[in-house]
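Structural characterization, general
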Amino acid sequence: MNSSLWYKNIVLYQVYVRAFCDSNADGHGDLAGVTQKLDYLKELGINCIWLMPTYPSPLKDDGYDIADFYSVHPDFGTLDDFKTLIAEAHKRDLKIITDLVVNHTSDMHPWFQAARADRNSPYRDYYVWSDTDQKYSDARIIFIDTEPSNWTWDEMAGQYYWHRFYASQPDLNYDSPALRNEMLQVQRFWLDLGIDGFRVDAVPYLIEREGTNCENLPETHVFLKEMRRVIDEEYTDRVLLCEANQWPKDVLAYFGNDDEFQMAFNFPLMPRIYMSLYDADKTPIQWALENTPAIPKNAQWCTFLRNHDELTLEMVTEEERQHMWQAYAPDPKMRLNLGIRRRLAPLLENDIRKICLANAILFSLPGSPVIYYGDEIGMGDNIDLFDRNGVRTPMQWDASQNSGFSKADQLYAPIINMDPYSPSMVNVADQQKDENSLWSSVRNMIQIRNQNVVFGTGELILLQTSKAEVLAYTRKDVNETIFVINNLSDLAQEITLNIVSEKQKLKNLFTGNSFDLRENQLLLSLAPYQYLWLS
Ligand code: GLC
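Small disclaimer: the values here were computed from a predicted structure and weren't measured. (Residues numbered from 1 in each chain as written. Predicted model: local features only at pLDDT ≥ 70, side-chain atom pairs only at ≥ 80, totals over all residues. Heavy atoms only, no water.)

So, the pattern of salt bridges
By the definition in use, this model includes 34 salt bridges. Taking the shortest distance from any N to any O, the salt bridge between Arg-180 and Glu-226 comes out at 3.8 Å. Taken together, the positions of Arg-180 in helix α6 (residues 177-193) and Glu-226 in helix α7 (residues 218-234) put the pair 46 residues apart, joining distant regions of the chain. Arg-199 is the partner of Asp-201 in a salt bridge, and the nearest nitrogen-oxygen pair spans 2.7 Å. By relative accessible area, Asp-201 is classed as buried at 7%. Look at Arg-199 and you get buried, because its relative accessible area is 1%. The network of salt bridges with shared partners includes Asp-61, Asp-62, Asp-309, Asp-387, Arg-388 and Arg-392. (Salt bridge = Lys/Arg side-chain N within 4 Å of Asp/Glu carboxyl O. Helix = DSSP H or I, 4+ residues; strand = E, 2+ residues; numbered from the N terminus. Buried < 20%, exposed > 50% of the residue type's maximum accessible area, 1.4 Å probe, protein only.)

Here it is in structure tokens:
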């Protein structure tokens, strides 16, 4: 494959730097710690790291509130540490992308400080001001649990400022040419350091217009195309990944005509994997697949089960949301905004069969999958921690003090210390030694995926099965056909699949065993939650 299309066949791994590995015993994970763990990531088989924000920040939104685009927060290290991490990742043939927050800054950013202090400051126009809080009233509030309005009065400025997230995150004004240029410079700065691309945060909200919901507006796309032009004209083989929590038809626009983002998260698919698993019914996943539009030739979806935020239930109906909340967040403390603030393993009742199946579905569907750090070993969560911090606790490397994460006395957050999720029961070192562990299973899936490009680039054809409990599909390209069969239920299932193939035998990619095809029929006895990848 053309090397500039590298993102089509990757497995990504999302690193929350603070939680990953503390190299200097100050209780916070850091960039040097990530560098120390590159061999681990290589062994797991992933191909691309997504680093969450490490910019200087007052950390009111865990670094998504940037106070300086050109530097590194002291907790995480220095720019030199960043360069070392990039170089060491590249040595191991790992790509590395980082978050770029374009929609807003921290209110502690010098631009905002200058803007609020002086109406005539050149930075005033970098933000969105108003004398009333009545403008753009059709825009929804995203952080509904904490923010009463998208406008906040600023005493010093003598005006209201606009913010789609926390009030401490004023929105940037993309109607300002100076601001637009400045943000392109930010992009160049990190590309010059060698970063392979960006997960661009919160892109639907760049532009505000009266009478609209202020999302996905045409002028937003104009700027995003400028970002892409920088990547294409000034650099090689870099990628832009779009975070737009929107319905597929709106996300589609962010691929442009192969001239905007190369990748975008598939938000509507994610909750439907959980729905299908809970209901033992393939309908929700099939619905998502059937409603995922074709994307431009060089574009790729990015798929995921969990991330650092709440499991968002924005891209579901009200009825589906209530169902998901009842199923997966019976305790109100588990809910946040329109979502669920829990990790993968607790969501799936720590049932390794279900967790493996969810991963197997993710890894076999179209798109490049992302693993959220710690989910490869089934880490737990802590719903007593504020906001989304419950899914951002220290990585559990081994059963020792501080789970091998840090040698400090005091950590940025408590380790999960409740069984069955405490480090003595859930840690990397033990799972690496056990070939039946979740870690080994996930690694196995990644390896098979890495060996079969059809998972990244092949087409998907849904297969009819007589049972709602069995989700089956084919991944296919000119060279290869793989049949994927998933039993979504906790009961064994007998099924017959009609498969048209010249071959009489299909090979199980996990075990090497073969299955006989008789007159284009495949008879299968599936164990509870079993998945098969047959070539
Ligand atoms: C994105 C991030 C989230 C952050 C928000 C505001 O949705 O994933 O963590 O709070 O943007 O930057």
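A closer look at α6
With 17 residues, α6 extends 25 Å from end C-alpha to end C-alpha; this agrees with the ideal 24 Å at 1.5 Å per step. Those residues of α6 not exposed but buried are Leu-179, Met-183, Leu-184, Val-186, Gln-187, Arg-188, Trp-190, Leu-191 and Leu-193. Contacts made by the buried residues of α6 are with α4 (79-91), β3 (95-101), α5 (110-117), β7 (197-201), α7 and β8 (239-242). (Expected span 1.5 Å × (residues − 1). Contact = heavy atoms within 4.5 Å.)

As for the packing of aromatic side chains
Within the structure shown, the criterion is met by 43 aromatic pairs. Aromatic pair Tyr-55 and Trp-190: ring centres 5.4 Å apart, planes at 80°, arrangement edge-to-face. Here the residue Tyr-55 occupies a position in the loop between β2 (48-51) and α4, and Trp-190 occupies one in helix α6, the gap between them amounting to 135 residues. In this structure, Tyr-55 and Trp-190 share a single accessibility class: buried. By the ring-pair criterion, three or more aromatic residues cluster together here, those being Tyr-13, Tyr-16, Phe-20, Tyr-40, Tyr-372, Tyr-373, Trp-397, Phe-405, Tyr-412 and Trp-439. The ring of Trp-397 carries the charged tip of Lys-37 above its face, separated from the ring centre by 3.9 Å. (Phe/Tyr/Trp six-rings, centres within 6.5 Å; stacked < 30°, edge-to-face > 60°. Lys NZ or Arg CZ within 6 Å of the ring centre and 35° of its normal.)

Quick look at the packing of helix α9 (residues 269-279) against helix α11 (residues 318-328)
Packed helices, taken two at a time, are described by the angle their axes make and the gap between the axes. Close contact between α9 and α11 brings their axes to 11 Å; oriented N to C, the two are set at 60°. Taken as a pair, α9 and α11 cross one another with a handedness that is left-handed. Residues Pro-271, Arg-272, Tyr-274, Met-275, Leu-277, Tyr-278 and Asp-279 of α9 touch α11, and the partners they reach there are Glu-320, His-323, Met-324, Ala-327 and Tyr-328. Looking at the contact of α9 with α11 residue by residue, the class counts come to 8 nonpolar, 1 polar and 3 charged. (Axes fitted to C-alpha atoms, helices over the stretch in contact; angles between N-to-C directions. Left-handed = near helix turned anticlockwise from the far one by under 90°. Nonpolar A, V, L, I, M, F, W, Y, C, P; charged D, E, K, R; others polar.)

Overview of the sheet that holds strand β17 (residues 481-487)
If you trace the 4 strands from one edge of the open sheet to the other, you get β15-β16-β17-β22, paired in antiparallel fashion. Among the strands making up the open sheet, the edge pair consists of β15 (459-463) and β22 (531-534). In this sheet, adjacent strand axes meet at a mean angle of 20° when their direction is disregarded. Here β17 pairs with β22 via 4 bridges, running antiparallel. The residue of β22 that forms the bridge with Phe-483 is Leu-534. Contacts from helix α13 (residues 352-364) reach β16 (470-476), β17 and β22 within the one sheet, and its direction differs from that of β22 by about 30°. (Pairing = 2+ DSSP bridges.)

Some words on the pairing of β17
Across the 7 residues of β17, 6 count as buried, placing the element largely inside the fold. Across 7 bridges, β16 lies against β17 in antiparallel orientation. Along β17, the bridge assignment pairs Arg-475 with Ile-482. Between the antiparallel neighbours β16 and β17 lie 4 residues.

Considerations on the site of the ligand
Looking at the ligand, the residues that line it are Asp-61, Tyr-64, His-104, Phe-143, Phe-165, Gln-169, Arg-199, Asp-201, Glu-243, His-308, Asp-309 and Arg-388. The separation between an oxygen atom of the ligand and a polar side-chain atom of Asp-201 is 2.9 Å. In isolation the ligand exposes 310 Å². Once the protein is present, 95% of that is buried. In the shell around the ligand, the residues fall into 3 nonpolar, 3 polar and 6 charged. (Near = heavy atom within 4 Å. Polar contact = N/O pair within 3.5 Å; in protein donor to acceptor, adjacent residues only side chain to side chain. Areas by Shrake-Rupley, 256 points an atom, 1.4 Å probe, with all protein chains shown as cover.)

Regarding the sheet that holds strand β11 (residues 311-312)
If you walk across this open sheet you meet the 3 strands as β11-β13-β12, and the pairing is antiparallel. The open sheet has two edge strands with one neighbour each: β11 and β12 (335-336). As paired strands, β12 and strand β13 (residues 339-340) are joined by 2 bridges and run antiparallel to one another. Bridging across to β13, Arg-335 finds its partner in Ile-340.

Section: the nonpolar core
The biggest cluster of nonpolar side chains holds 157 residues, and the ones touching the most others in it are Tyr-13, Ile-46, Leu-51, Met-183, Tyr-274, Met-395 and Trp-533. If you tally residues by element for this core, the top one is α13, at 8 residues. Membership of the second largest hydrophobic core comes to 15 residues, among which are Ile-499, Leu-506, Leu-517 and Leu-534. (Core = buried A, V, L, I, M, F, W, Y, C linked by side-chain atoms within 4.5 Å.)

With respect to the packing of α13 against helix α15 (residues 438-451)
Viewed as axis vectors pointing N to C, α13 and α15 meet at an angle of 15°, and their least axial separation amounts to 10 Å. In terms of axis orientation, α13 runs roughly parallel to α15. Pair α13 / α15 crosses with right-handed handedness. Along the contact surface, α13 presents Ile-352, Ile-355, Cys-356, Asn-359, Ala-360, Leu-362, Phe-363 and Ser-364, while α15 presents Leu-438, Ser-441, Val-442, Met-445, Ile-446 and Arg-449. Per-class residue counts for the contact of α13 with α15 are 10 nonpolar, 3 polar and 1 charged. (Parallel < 35°, antiparallel > 145°, perpendicular 65-115°, else oblique.)

Considerations on the environment of Asn-513
Structurally, Asn-513 can be placed in the loop between β19 (505-507) and β20 (514-516). Considered as a pair, Asn-513 and Leu-534 are 21 residues apart in the sequence and their alpha carbons are 9.5 Å apart. The contacts of Asn-513, once residues within four sequence positions are left out, are Leu-506, Lys-507 and Asn-508.

Considering the pairing of β15
In the case of a regular strand, side chains alternate between the two sheet surfaces. Both β15 and β16 contribute to a ladder of 5 bridges, which runs antiparallel. Opposite Glu-459, over in β16, you have Lys-476 as the bridge partner. Linking β15 back to β16 in an antiparallel pair, the connection comprises 6 residues.

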